[in-house]
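# Tertiary structure, described
Now for the letters of each chain:
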Amino acid sequence: MMWRSLVGIATIATLVAAGCGRGAPAADQGAPKDEGTSNEEPVRESELSIVASDFAFDTGGVTSVPAGRVHFTLTNEGKEPHHASFYLLRPDVTYEEFAEAVARYADPEDPSDFPDEVTELFAEPQAHGVLSLASPGEELTPIDEMDPGTYALLCAIKDPKTGARHYALGMHMAFEVT
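Given the structure is predicted, the values throughout are model-derived calculations rather than measurements.

### A closer look at the side chain of R165
- Structurally, R165 can be placed in the loop between β9 (149–154) and β10 (172–177).
- A distance of 2.7 Å separates a polar atom in the side chain of R165 from the backbone oxygen of A156.
- In contact with R165, other than residues within four places in its own chain, are Y105, D110, P111, S112, D113, A156, I157 and K158.

### A short note on the pattern of salt bridges
- The final tally for this structure, using the stated rule, is 5 salt bridges.
- E45 is the salt-bridge partner of R69, the closest N and O atoms lying 3.0 Å from each other. One end of the pair, R69, is in strand β4 (residues 68–76); the other, E45, is in strand β1 (residues 45–53), with 24 residues separating them in the sequence.
- Overall, R69 belongs to the partly exposed group, its relative accessible area being 27%.
- In this structure, R104 and E117 form a salt bridge, with 2.4 Å as the shortest nitrogen-oxygen distance. Pair noted here: R104 is in helix α2 (residues 95–104) and E117 is in helix α3 (residues 116–119), with a separation of 13 residues, a long-range link.
- Owing to a relative accessible area of 54%, R104 belongs among the exposed residues under this scheme.
- One salt-bridge network, held together by shared partners, links E45, R69 and E145.

### A closer look at the confidence of the model for the chain
- Summarising the model, the chain shows a mean pLDDT of 82, and 77% of its residues fall at 70 or more.
- Segment residues 1–36: pLDDT under 50, and 0 contacts once partners within four positions in sequence are set aside and those in other chains are kept.

### Topic: the environment of V51
- On the secondary structure map, V51 appears in strand β1.
- Residue class for V51 comes out partly exposed when judged on its relative accessible area of 26%.
- Each C-alpha atom of the pair V51 and G78 lies 9.0 Å from the other, and the pair is 27 residues apart in sequence.
- Beyond its immediate chain neighbours, meaning those up to four positions away, V51 contacts A56, F57, D58, T75 and E77.

### Side note on the sheet that holds strand β3 (residues 64–65)
- Spatially, β3-β10-β9-β5-β6 is the arrangement adopted by the 5 strands of the open sheet, whose pairing is mixed. One side of each edge strand has no neighbouring strand; the edge strands of this open sheet are β3 and β6 (128–134).
- Strands β9 and β10 of the sheet are contacted by α2, whose axis makes an angle of about 155° with β10.

### Observations regarding the environment of I143
- Mapping I143 onto the fold places it in strand β8 (residues 143–146).
- For the pair I143 and E47, spaced 96 residues apart in sequence, the C-alpha separation works out to 9.1 Å.
- Not counting residues within four places of it along the chain, the set of residues in contact with I143 comprises R69, V70 and H71.

### Observations concerning unusual backbone geometry
- Put simply, D54 and F55 share a cis peptide bond, and its omega is 15°.
- Mapped onto the elements of the fold, F55 is located in the loop between β1 and β2 (56–58).

Conventions used here
Residues numbered from 1 in each chain as written. Predicted model: local features only at pLDDT ≥ 70, side-chain atom pairs only at ≥ 80, totals over all residues. Heavy atoms only, no water. Helix = DSSP H or I, 4+ residues; strand = E, 2+ residues; numbered from the N terminus. Polar contact = N/O pair within 3.5 Å; in protein donor to acceptor, adjacent residues only side chain to side chain. Contact = heavy atoms within 4.5 Å. Salt bridge = Lys/Arg side-chain N within 4 Å of Asp/Glu carboxyl O. Buried < 20%, exposed > 50% of the residue type's maximum accessible area, 1.4 Å probe, protein only. pLDDT = per-residue confidence, 0-100. Pairing = 2+ DSSP bridges. Axes fitted to C-alpha atoms, helices over the stretch in contact; angles between N-to-C directions.

Here it is in structure tokens:
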């Protein structure tokens, strides 16, 4: 009797073992893996901390980041709201040309963020970076994709006392994405 039980158990174990090798291949079986031959580059990620005050940015000496996904941290230590917008300049425009154009602009009655003379210097109208308003004492941590090029980092919020845009009060700096 015991002999039949042992034979039965051995037969079942053999069938189960044989059956496990059939059916769909496991995820790691089948076609060879295409390791290291993908045409897609891995997404490059970096971090950038920006402290905003009335009317300046402090990036801790960082003036460039690699192209790709950037994790921003904007801390507003000023008494007014701020944002940190990055505008890509056209390839034929230097940051110095942008700064000169901004210095010539001083119309607090103009409702637009930028005069035509300044927007013509941008490679694209879309800003990057910290586009939301950071209230005094607030910290924002957005993520954005940045393409290579020279950017103008600026704050375009209007000063309630003078009506001037914060960038017209000196709140702008050059920034490179490599």
